[in-house]
Amino acid sequence: MHRTDARVKCVACVCCVLLIVTTPATAVLSFTGYALILLALLAVSRVPILHIVRRTLAVMPFVLLIAACLPFIKRGEVMWSVAWGGWTLAVTRDGLRLFWGVFVKSSLSIFCVALLTATTRFDCLLRGMESLRCPRLVVMLLSFLYRYAFLFSDDLMRMLRAKRSRSFRPARSEARILAGMLGMLFVRSYERAERVYLAMCSRGFDGTIVTPGRPALGAADLALSGGVIACFAAARLAGGIW
Amino acid sequence: MESPAIEIISLSFSYPDGVPALHDINLNVARGETVGIVGPNGAGKSTLLMHLNGVLRGKGTVRVMGLDVNDENARKIRRLVGLVFQDPEDQLFTPTVYEDVAFGPLQMRYPREEIDRRVRDALRTVGMEGFERRSSHHLSFGEKKRVSLATVLALDPEIIAFDEPTSNLDPCSREEFISYLMALPATKVIATHDLELVLQLCGHTILLSGGTIVTEGETRELLGDRALMEKHRLRVPLSLALGPR
Ligand SMILES: Nc1ncnc2c1ncn2[C@@H]1O[C@H](COP(=O)(O)OP(=O)(O)OP(=O)(O)O)[C@@H](O)[C@H]1O
Ligand SMILES: [Mg+2]
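Heads up: these notes are all about the structure in this document.

Analysis parameters
- Residues numbered from 1 in each chain as written.
- Chains lettered and ligands numbered in written order.
- Predicted model: local features only at pLDDT ≥ 70, side-chain atom pairs only at ≥ 80, totals over all residues.
- Heavy atoms only, no water.
- Helix = DSSP H or I, 4+ residues; strand = E, 2+ residues; numbered from the N terminus.
- Buried < 20%, exposed > 50% of the residue type's maximum accessible area, 1.4 Å probe, protein only.
- Areas by Shrake-Rupley, 256 points an atom, 1.4 Å probe, with all protein chains shown as cover.
- Near = heavy atom within 4 Å.
- Polar contact = N/O pair within 3.5 Å; in protein donor to acceptor, adjacent residues only side chain to side chain.
- Patch = residues over 30% accessible without salt bridge, like charges linked within 9 Å, V, L, I, M, F, W, Y side chains within 5 Å.
- Salt bridge = Lys/Arg side-chain N within 4 Å of Asp/Glu carboxyl O.
- Pairing = 2+ DSSP bridges.
- Contact = heavy atoms within 4.5 Å.
- Buried area = accessible area lost by both parts, 1.4 Å probe.
- Nonpolar A, V, L, I, M, F, W, Y, C, P; charged D, E, K, R; others polar.
- Lys, Arg positive; Asp, Glu negative; His and termini not counted.
- Axes fitted to C-alpha atoms, helices over the stretch in contact; angles between N-to-C directions.
- 1 Å grid on protein atoms, 1.4 Å probe; cavity = no way out; pocket = protein on both sides within 12 Å on 5 of 7 lines; lining within 4 Å.
- Points joined across faces, edges and corners; volume = space filled by probe spheres on them.
- Core = buried A, V, L, I, M, F, W, Y, C linked by side-chain atoms within 4.5 Å.
- Parallel < 35°, antiparallel > 145°, perpendicular 65-115°, else oblique.
- Left-handed = near helix turned anticlockwise from the far one by under 90°.

## As for the overall build of chain A
Turning to step 1, where the next piece is worked out: The helix and strand inventory of chain A stands at eight helices and two strands.
Turning to step 2, where the next piece is worked out: Counting all 242 residues of chain A, 36% fall into the buried class.
Turning to step 3, where the next piece is worked out: Roughly 14,700 Å² of accessible area belongs to chain A as shown, and the carbon and sulfur atoms make up 71% of that amount.

Given below as structure tokens:
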């Protein structure tokens, strides 16, 4: 699975996520099916499950925060309520159902994407996106982001360390120092960008982004992705509602 | 007569913020020659190198292999002159080693097989074959330096300009890197504080200080002039000071 062409993996991932999010929340059987398929894929790919779980968990707080509000907002049959002063906090059945839907769908979708990124090198993913007609500028931006995010954070760490080894002032003036540091970080990054641009120009960059051609898709890759999508579709049908 | 590899006539340059960096530079480098540029920090060495392929443009004339450096010739010039930057992080800007080395050839719109061949050859020359799929940011500094050199070699330039090629390398990496430099047939311009390196590689040396060429001459003679060296915050290299070998 690691060697499967990034393009078909991208397409398969997007299709699966689409199938997941459009499944009605009541189709428990479908969701079970999705989960089983994903677990099977995970087993085949030999990615450690902890890795995926950790990534999924990293995104969950955001999802939960939004989802947790839903039971209270949605109107409908009240299950239980808390009255406090002039306010009534009510949890509705519809709201809960919505919460469950958002929760299940988002965790499965994130699982899907985590599986994609865990089995695909970032540069392959970028090139896959590019040959799927994702604008070249976006791909190039992402690639720079990937390349220089580490340098950027290293820069920040170094500055923080340098600051810590010199500052004895009370915490009150911290904010001002921090602001100055952020400014410096910006200037540094800006100058780095300038030098990188010069380096690109030195090797003939003239503003147009040239990319190499792509090899043809292999039949095995297509078959694998098609198979995964078909399984998802089957699971969805099994849930009864299309 | 064959035109010289590099010909600079009264070149002056100031950075956009008004810092004057080069003043009235005149310079000739013959084909196949290896020239050293030495001088204290802030002398303008890096700035001068950037003029060789026209990424910076000052007042005056720069000619490379008989071609004027201007917008019209930019493409040809970039192929003729390779620039190895001081900081490899600036030179390696794509996610993988392969893409970095292939960047130049790609820009030249070479066919795919040609690109692959060039990448392979360039990486072999610097002893980095097999690193194609590695991420650039996970290489050691010495490896980054070597890949930087490969990115330039992939274009097979006639002239290669090096900015501090040996800085931050451990003694062994330094020696290896020098051996790669020596094996290159191109015309070489080397800006560095590593005077032993200059002594070893360059027949001719230019002393740059405060944005002007103070003097130039035969390397041993120039680097052996104690008064001159110390006046420009440099030192006579040990191997020269300890007498003739
Ligand atoms: N991007 C820039 N903007 C403004 N001034 C600059 C810029 N880069 C360099 N300078 C200035 O131009 C002068 C020459 O700098 P340059 O980097 O060419 O020196 P150098 O000889 O390479 O020094 P070093 O040995 O430290 O690398 C210096 O005074 C420097 O402060
Ligand atoms: Mg410099």
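The discussion continues.
## A short note on the site of ligand 1
Residues and elements named next belong to chain B.
Turning to step 1, where the next piece is worked out: Residues in contact with ligand 1 amount to 15 residues; listed here are only the nearest, Asn41, Lys45, Ser46, Thr47 and His193.
Turning to step 2, where the next piece is worked out: Contact distances for ligand 1 include 2.4 Å between an oxygen atom and a side-chain N or O atom of Thr47.
Turning to step 3, where the next piece is worked out: His193 is positioned with one of its side-chain polar atoms (N or O) 2.7 Å from an oxygen atom of ligand 1.
Turning to step 4, where the next piece is worked out: Bound to the protein, ligand 1 loses 66% of the 630 Å² it would expose on its own.
Turning to step 5, where the next piece is worked out: With three residues, helix α1 (residues 45–52) is the single largest residue contributor to the shell around ligand 1.

## Describing a nonpolar patch on the surface
Turning to step 1, where the next piece is worked out: On the surface, a nonpolar cluster with roughly 560 Å² of combined accessible area is contributed by A:Leu36, A:Leu39, A:Ile49, A:Leu50, A:Val53 and A:Leu57.
Turning to step 2, where the next piece is worked out: For the nonpolar patch, the element with the highest residue contribution is helix α3 (residues 49–73) of chain A, accounting for four residues.

## A closer look at the sheet that holds strand β4 (residues 59–64) of chain B
Residues and elements named next belong to chain B.
Turning to step 1, where the next piece is worked out: Pairing is antiparallel in the open sheet, where four strands are placed in the order β2-β1-β4-β5. The two strands at the open ends of the sheet, each matched to only one other strand, are β2 (20–29) and β5 (67–68).
Turning to step 2, where the next piece is worked out: Where β4 meets β5, two bridges bridge the pair, whose relative direction is antiparallel. When the bridges of β5 are listed, Val64 appears paired with Leu67.

## Some words on the interface of chain A and chain B
Turning to step 1, where the next piece is worked out: Listed by partner, the interface residues are 29 residues for chain A and 32 residues for chain B.
Turning to step 2, where the next piece is worked out: When chain A packs against chain B, the two sides together hide about 2,800 Å² of surface, and 54% of this comes from carbon and sulfur.
Turning to step 3, where the next piece is worked out: The tally of links between chain A and chain B comes to six salt bridges.
Turning to step 4, where the next piece is worked out: Close ionic contact of A:Arg192 with B:Asp90 constitutes a salt bridge, the shortest N to O distance being 2.8 Å.
Turning to step 5, where the next piece is worked out: Remark: the boundary between chain A and chain B carries 13 residue pairs in polar contact (both at pLDDT 80 or more).
Turning to step 6, where the next piece is worked out: At the level of elements, α5 (122–131), α6 (136–164) and α7 (174–202) of chain A are the ones that each hand at least two residues to the side of chain A that touches chain B.
Turning to step 7, where the next piece is worked out: Residue contributions to the side of chain A that touches chain B peak at eight residues, all from α7(A).
Turning to step 8, where the next piece is worked out: Looking at the side of chain A that touches chain B, its residues break down into 15 nonpolar, six polar and eight charged.

## Focus: the side chain of B:Arg78
Turning to step 1, where the next piece is worked out: Mapped onto the secondary structure, B:Arg78 falls in helix α2 (residues 74–80).
Turning to step 2, where the next piece is worked out: One buried charge, B:Arg78, has no salt-bridge partner; the nearest side chain with opposite charge is B:Asp71, at 6.5 Å.
Turning to step 3, where the next piece is worked out: Side-chain polar atoms of B:Arg78 contact the backbone oxygen of B:Gly54, separated by 3.4 Å.
Turning to step 4, where the next piece is worked out: Setting aside residues up to four positions removed in sequence, B:Arg78 forms contacts with A:Cys201, A:Ser202, A:Gly204, B:Asn53, B:Gly54, B:Val55, B:Arg57, B:Met108 and B:Leu155.

## Considerations on the sheet that holds strand β6 (residues 81–84) of chain B
Strand pairing within a sheet occurs via backbone hydrogen bonds; the two strands may be parallel or antiparallel.
All names here are of chain B.
Turning to step 1, where the next piece is worked out: The six strands lie next to each other as β6-β7-β8-β3-β9-β10, forming an open sheet whose pairing is mixed. The outermost strands of the open sheet, each flanked by one partner alone, are β6 and β10 (212–218). If you compare each strand with its neighbour and ignore which way they point, the axes differ by 15° on average.
Turning to step 2, where the next piece is worked out: Pairing analysis gives six bridges linking strand β9 (residues 204–209) to β10, with the strands arranged antiparallel. For Leu208, the partnering residue across the bridge sits in β10 and is Ile213.

## Concerning empty space enclosed by the protein
Residue and element names in this part refer to chain B.
Turning to step 1, where the next piece is worked out: Counting across every chain of the model gives four cavities of 30 Å³ or more.
Turning to step 2, where the next piece is worked out: Here the second largest cavity defines a volume of roughly 50 Å³.
Turning to step 3, where the next piece is worked out: Along the walls of the second largest cavity sit Ser46, Leu49, Met50, Leu83, Val84, Phe85, Gln86 and Asp163, which together make up its complete lining.
Turning to step 4, where the next piece is worked out: Where the lining of the second largest cavity is concerned, the elements lending two or more residues are α1 and β6.
Turning to step 5, where the next piece is worked out: A per-element tally of the lining of the second largest cavity places α1 first, with three residues.
Turning to step 6, where the next piece is worked out: Of the residues in the lining of the second largest cavity, the class split is five nonpolar, two polar and one charged.

## Details of the nonpolar core
Residues and elements named next belong to chain B.
Turning to step 1, where the next piece is worked out: One finds Val101, Leu149, Ile160, Phe162, Leu181 and Leu223 to be the most contacted residues of the largest nonpolar core, which totals 49 residues.
Turning to step 2, where the next piece is worked out: For this core, the secondary structure elements donating two or more residues are α4 (97–107), α5 (112–125), α6 (141–153), β7 (159–163), α7 (171–183), α8 (195–201), α9 (219–223) and α10 (226–231).
Turning to step 3, where the next piece is worked out: Counting residues in each nonpolar core, the second largest holds 37 residues, with Phe13, Ile37, Leu83 and Ile213 among its members.

## Focus: the packing of α6(A) against α7(A)
Residue and element names in this part refer to chain A.
Turning to step 1, where the next piece is worked out: Put simply, α6 and α7 touch, their axes get as near as 10 Å, and they point 140° apart. Classified by the angle between their axes, α6 and α7 sit oblique to one another. Note that α6 runs across α7; the crossing there is right-handed. Each of Met140, Phe144, Tyr148, Leu151, Phe152, Asp155, Leu156, Met159, Leu160 and Lys163 in α6 lies in contact with α7, whose residues at this interface are Glu174, Ile177, Met181, Met184, Leu185, Arg188, Ser189, Arg192, Val196 and Met200.
Turning to step 2, where the next piece is worked out: A class-by-class count of the residues in the contact of α6 with α7 yields 14 nonpolar, one polar and five charged.

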